[in-house]
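Structure at a glance
In case you want the letters, here they are:
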Amino acid sequence: MRRFAGVGLVMMAAICWGISGGIADILMSKGWDPIVISFYRGAVGFICFLAWFLFRFKQNWIISSRLYIWSLLAGVGVAGNFTFYFLSIEASSIAVAATLMYTAPVFVLLFSFLLRIERSTWFKWGCIFGVLMGIILLTGAYNTESISVSFLGAATGLAAGLSYALFIFGFKNASSIGKPQTTLTTAFFSFCLILFLFMDKGEAGAVVTSSDLGWFVLLGLVGAGVSFIIYVIGIRSTAPTTASMVAMVEPVTASLFGVLLLGDHLTLIQILGMVVILSTITFLSVKQSE
């Protein structure tokens, strides 16, 4: 029973992340800058994580330089992930951006090859090749005269995936030393500092008095605060293979949100590309977990 509850929580978190892309798209259509939107998503999340951390301060507090270094790295990763994801949505569509972001396991695999953490095999290179073929179909790169996704949309989508891989590396290593509450609080604190340096301060200040403040708070709760907390709770009683498959609910939710509610259009070849990418990534994740 506990295992099914865990799967349900992981699925709920993935659905929340998928919906967050749609909320960001709505805010961008209202003229808000993607970096400002990303900042508020992370800032609201940080407040939630800080409250979760302080709730059991004595158990969560730990003095470890390695923990904070890995957490800061995770913060850099999540800052890049949120920002590039929203930039990709702005330049292409939610479906394309979410699918390209989920190429993260391929980047994790390539990192592992470079750092000699994992052994290179024909199966793994086959999965990488499959994802590349899917990207070519999704973006329309096979026909340079009528490419379906702009270079900026594809580049920022892949950058979101690369950043996501960096977050995974940092979060996993930090969580092996301390509690996830400590890791997430530190990571999102660094996230806020990084984006504060790059965002338009005037526009960020205008959010507080605007009629769209509710959308920003909702984005932060759905896309970071509540979703990350229920994911961490759910993953404790969920097998890694199951979690890998359930996580694919995010790009599917994001795609449905874009197509059904925001009027995004996908060609059959793009849909085929999405299927190739997501099925290859799921298969790779399951095998890696085993």
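Coordinates for the structure precede this section.
Residues numbered from 1 in each chain as written. Predicted model: local features only at pLDDT ≥ 70, side-chain atom pairs only at ≥ 80, totals over all residues. Heavy atoms only, no water.

1. Looking at a nonpolar patch on the surface
A surface patch of nonpolar side chains, about 540 Å² in accessible area, is lined by Val252, Leu256, Val259, Leu260, Leu261 and Leu262. The topology assignment puts Leu256 in helix 13 (residues 249-261). (Patch = residues over 30% accessible without salt bridge, like charges linked within 9 Å, V, L, I, M, F, W, Y side chains within 5 Å. Areas by Shrake-Rupley, 256 points an atom, 1.4 Å probe, with all protein chains shown as cover. Salt bridge = Lys/Arg side-chain N within 4 Å of Asp/Glu carboxyl O. Helix = DSSP H or I, 4+ residues; strand = E, 2+ residues; numbered from the N terminus.)

2. Some words on the packing of aromatic side chains
Taken as a whole and judged by the stated rule, the model has 19 aromatic pairs. Taking 6.0 Å as the distance between ring centres and 75° as the angle between the ring planes, the aromatic pair formed by Phe49 and Phe228 counts as edge-to-face. Taken together, the residues Phe49 in helix 2 (residues 34-55) and Phe228 in helix 11 (residues 213-235) connect sequence positions 179 residues apart. A relative accessible area of 9% places Phe228 in the buried class. When the centroid spacing of 5.6 Å and the interplanar angle of 35° are considered together, the rings of Phe188 and Phe191 count as tilted. Of this pair, Phe188 and Phe191 both sit in helix 9 (residues 180-198), three residues apart, which is roughly one turn of the helix. In this structure an aromatic cluster arises from ring pairing among Trp17, Phe49, Phe82, Phe167, Phe171, Phe188, Phe191, Phe228 and Tyr231. Taking NZ or CZ as reference, Lys201 lies 5.1 Å from the ring centre of Phe196, over its face. (Phe/Tyr/Trp six-rings, centres within 6.5 Å; stacked < 30°, edge-to-face > 60°. Buried < 20%, exposed > 50% of the residue type's maximum accessible area, 1.4 Å probe, protein only. Lys NZ or Arg CZ within 6 Å of the ring centre and 35° of its normal.)

3. Some words on the nonpolar core
Core analysis: the biggest nonpolar cluster contains 77 residues, and Ile37, Tyr85, Phe188 and Phe228 have the highest contact counts within it. Ranked by the residues each element gives to this core, the list is headed by helix 2, at nine residues. Setting aside residues up to four positions removed in sequence, Ile37 forms contacts with Ala24, Leu27, Met28, Trp32, Phe86, Phe216 and Leu219. (Core = buried A, V, L, I, M, F, W, Y, C linked by side-chain atoms within 4.5 Å. Contact = heavy atoms within 4.5 Å.)

4. Quick notes on helix 10 (residues 201-209)
Looking at helix 10, one finds that the buried residues are Glu203, Ala204 and Val207. On an axial view of helix 10, the arc spanned by its buried residues comes to 105°, and they lie on one face. Pointing more than 90 degrees away from the buried face of helix 10 are the exposed residues Gly202, Val208 and Thr209. On the buried face of helix 10, the contacting elements are helix 2 and helix 11. (Arc of directions from axis to C-beta.)

5. Topic: the pattern of salt bridges
With the rule as written, the count across this model stands at one salt bridge. Put simply, Lys30 and Asp212 hold a salt bridge, and the shortest N to O gap is 3.4 Å. Of this pair, Lys30 sits in the loop between helix 1 (2-29) and helix 2 while Asp212 sits in the loop between helix 10 and helix 11; the two residues are 182 residues apart in sequence, bridging distant segments of the chain. Looking at Lys30, the relative accessible area reads 45%, which means it is partly exposed.

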